[in-house]
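Structural overview
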Amino acid sequence: MQDLVDRDLARVSPVHLLPNGRIITEIDTEYFFVFGEGRPTYAGINYCPFCGRVLSRGLWNQEKKK
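A brief structural summary.

Points about the pairing of strand S3 (residues 31-35)
By the alternation rule, side chains of S3 split into Phe 32 and Val 34, which are all buried, and Tyr 31, Phe 33 and Phe 35, of which none is buried. Two strands pair when backbone bridges link them, and strand S1 (residues 10-12) and S3 are joined in this way by three bridges, in the antiparallel orientation. Residue pairing across strands places Arg 11 opposite Phe 32, the latter belonging to S3. Pairing analysis gives four bridges linking S3 to strand S4 (residues 41-44), with the strands arranged antiparallel. Paired with Phe 33 across the two strands is Ala 43, which belongs to S4. As consecutive antiparallel partners, S3 and S4 are separated by five residues, and within that stretch Gly 36 has a phi angle of approximately 90°, a positive value.

The rules behind the values
Residues numbered from 1 in each chain as written. Predicted model: local features only at pLDDT ≥ 70, side-chain atom pairs only at ≥ 80, totals over all residues. Heavy atoms only, no water. Buried < 20%, exposed > 50% of the residue type's maximum accessible area, 1.4 Å probe, protein only. Helix = DSSP H or I, 4+ residues; strand = E, 2+ residues; numbered from the N terminus. Pairing = 2+ DSSP bridges.

Spelled out as structure tokens, the structure:
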């Protein structure tokens with residue numbers, strides 16, 4: 001995942017601190033895939049694509065309550 005962040009293909013940031021762009025999902029997370037240049041599009045991530053760890057706060061809170 002860190003390699004994706006280093007290549008600017010993913011971003012780890014609160015929603016309000018993302019640079020100018022468009023968010024296409026309504027997932028409560030700080031992990032986003034980045035698509036496009038100039039004015040990028042961000043897609044929130046629920047799970048890590050490599051290890052399967054929960055990344056979104058909504059799913060993390062649901063698992064914690066169990």
